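The residues making up each chain are set out below.
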Amino acid sequence: MPRKKRYLTATLADGYVKTIGPTAAPFTYYWRIVAHLGGGRTEVFWGHVKSLREATGKKTAAAEAARQRGWERFDFEIVALVETPA
């Protein structure tokens, strides 16, 4: 039997809300990187993953990207996804 489609919502500390769906994928966490490029410019990268371990691995990748691309700094956040009604 196919999985039921659902909507998933992530609410970050700064009040940003991201809704994903409808999806049947077993995502449990949302991650976001805000790269500070210099001169007041920023770039945002985000994604959703199936485990906290997978999400925390993105922080290591972000540190490497910051070094390679010359970012001044970056902010990294992980939040749990919550199932919401359609």
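Residues numbered from 1 in each chain as written. Predicted model: local features only at pLDDT ≥ 70, side-chain atom pairs only at ≥ 80, totals over all residues. Heavy atoms only, no water.

## Structural notes on the nonpolar core
Here is step 1 of the chain: Listed in full, the 10 residues of the largest apolar core are W31, I33, A35, V49, A55, A62, A65, A66, W71 and F76.
Here is step 2 of the chain: Elements with a contribution of two residues or more to this core: β3 (29–38) and α1 (52–69).
Here is step 3 of the chain: Per-element accounting of this core gives the leading share, 4 residues, to α1.
Here is step 4 of the chain: Beyond its immediate sequence surroundings of up to four residues, A55 is in contact with Y29, V49, F76 and I78. (Core = buried A, V, L, I, M, F, W, Y, C linked by side-chain atoms within 4.5 Å. Buried < 20%, exposed > 50% of the residue type's maximum accessible area, 1.4 Å probe, protein only. Helix = DSSP H or I, 4+ residues; strand = E, 2+ residues; numbered from the N terminus. Contact = heavy atoms within 4.5 Å.)

## Points about the confidence of the model for the chain
Here is step 1 of the chain: Scored by pLDDT, the chain comes out at a mean of 92, with 95% of its residues at no less than 70.
Here is step 2 of the chain: Summarising per-element confidence for the chain, the mean pLDDT is lowest in strand β6 (residues 82–84) (91) and highest in strand β5 (residues 73–80) (96). (pLDDT = per-residue confidence, 0-100.)

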